[in-house]
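Now for the letters of each chain:
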Amino acid sequence: MAGVSGGSLAFETCRAGGIVSSSSSSSSFPLNIGFIGHSTFGKDSPGWEYVRRILEEHRPDAVQFFAPAISAFSLENVKLSSSSSLFVDNVGMCQSYGCKVVAQVGSVRDGIEALDAGVDCIVAQGTEAGGHGIRRELGNGTLSLTTRLVRLVQERNLNIPVLAAGGIVDGSGLLAALSLGADGAVLGTRLWVSEEALGPIAYKNAIVKAASCDDVVRTQVFDTICNSHRDTKWPYPFDSSGTLRNTTTEEWDTSIHALETELDSIFSVASSSSKGNKNVIDRLNHAEEVQLPDAGCVYSGQGVGEILSIAPAYDIIKQVEVKATESYSRLQTVMSD
């Protein structure tokens, strides 16, 4: 969770047992480092040498890749040691340093690619998830995606965990994921609304205030606006985010082409109305600067409505465990009747 996860959140989540790594041989918490694929390995990005330095310096127990999860190695514009010939992609490179590789995917196609690459763990990110993910017309729901990826892992006789992500905020959601055959669940939005998470308190309060999943939309609006003027752009098909609905999404979510046309006019020297059209960018920038959830980008998954307070991360994890146990007991009672 770029921009909101920090040392305190990671520590408290680990302390509660929320992160487990069998590769860690020490008594300290395991180190898991996440990378965004397109900004790490894309054109004019830090690239392979940057990742290699991180692996050598920090020796993480695990690394996680997303958007995309798999990046093919190319000798073009890359300077590495002769050992570079031992791997063909980011998975092989990281595994050569002894760490596990976690791939976060949003479609069955991407999941198959990750399995073919030999990853050590799959995160099935459904379209219910908050934050960046593949476009809603290309992705799959958490239930169907998790079910299919679990089956694919079983068919290949692989002993790797599958984690469900998207719309899961409590123990009932965890139990649902386990019933699909998943080995666990990823809590994004719920831990973003924790005391330790970084980020605007106004945005956290907006998520608590949200009544239900009806208040969330997976949209291209914010990425379309930001990509128009930022150097690092979210590429297709990852230029889509789960966010709270607000005035910005209501105005543009069903009119992406019109939004692109208006943004083009902003940077057109020939456009006599470009000064006025800059409002679409200025309004979003202003909302982000003063932290206005009614217009800014508030990343959120569809589990809102079940998030009733901003709580300590440790308590959140422990409550998930309690609720999962209670839900399992109820299920046993129903099944025995």
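Before any of the text, the structure's been laid out above.
So, here is what we can say about the structure in this document. (Residues numbered from 1 in each chain as written. Predicted model: local features only at pLDDT ≥ 70, side-chain atom pairs only at ≥ 80, totals over all residues. Heavy atoms only, no water.)

## A short note on the overall build of the protein chain
Looking only at helices and strands, one finds 15 helices and 9 strands in the protein chain. For the protein chain, with 337 residues in total, the buried portion stands at 47%. For the protein chain, the exposed surface amounts to about 17,200 Å²; the carbon and sulfur share of it is 51%. (Helix = DSSP H or I, 4+ residues; strand = E, 2+ residues; numbered from the N terminus. Buried < 20%, exposed > 50% of the residue type's maximum accessible area, 1.4 Å probe, protein only. Areas by Shrake-Rupley, 256 points an atom, 1.4 Å probe, with all protein chains shown as cover.)

## Re the packing of helix 5 (residues 108-117) against helix 6 (residues 142-155)
Between helix 5 and helix 6, the shortest axis-to-axis distance is 10 Å and the interhelical angle comes to 30°. Relative to helix 6, the element helix 5 lies roughly parallel. Every pair of crossing elements has a handedness; the one defined by helix 5 and helix 6 is right-handed. When helix 5 is examined against helix 6, the residues Val-108, Gly-111, Ile-112 and Leu-115 are found in contact with a partner set consisting of Leu-145, Arg-148, Leu-149, Leu-152 and Val-153. The class makeup of the residues in the contact of helix 5 with helix 6 is 7 nonpolar, 1 polar and 1 charged. (Axes fitted to C-alpha atoms, helices over the stretch in contact; angles between N-to-C directions. Parallel < 35°, antiparallel > 145°, perpendicular 65-115°, else oblique. Left-handed = near helix turned anticlockwise from the far one by under 90°. Contact = heavy atoms within 4.5 Å. Nonpolar A, V, L, I, M, F, W, Y, C, P; charged D, E, K, R; others polar.)

## Section: the side chain of Thr-189
When you line up the elements, Thr-189 lands in helix 8 (residues 189-192). Among the polar contacts made by the side chain of Thr-189, one reaches the main-chain amide nitrogen of Gly-301 at a distance of 2.8 Å. Other than its neighbours up to four places away in sequence, Thr-189 contacts Gly-130, Ile-207, Ser-300, Gly-301 and Ile-307. (Polar contact = N/O pair within 3.5 Å; in protein donor to acceptor, adjacent residues only side chain to side chain.)

## Focus: the environment of Ser-255
With respect to the element layout, Ser-255 can be found in the loop between helix 11 (247-252) and helix 12 (256-266). When the C-alpha atoms of Ser-255 and Val-221 are compared, they prove to be 8.8 Å apart, with 34 residues separating the residues in sequence.

## Concerning the pattern of salt bridges
One pass over the full model with this rule turns up 10 salt bridges. Linking Glu-49 and Arg-52 is a salt bridge whose minimum nitrogen-to-oxygen distance equals 2.1 Å. Taken together, the positions of Glu-49 and Arg-52, both in helix 3 (residues 47-58) and 3 residues apart, correspond to about one turn of that helix. The exposure class assigned to Glu-49 is partly exposed, which follows from its relative accessible area of 24%. The partner of Arg-283 in a salt bridge is Glu-251, with the nearest N and O atoms 3.6 Å apart. On the criterion of sequence distance, the pair formed by Arg-283 in helix 14 (residues 279-290) and Glu-251 in helix 11 is long-range, its members being 32 residues apart. (Salt bridge = Lys/Arg side-chain N within 4 Å of Asp/Glu carboxyl O.)

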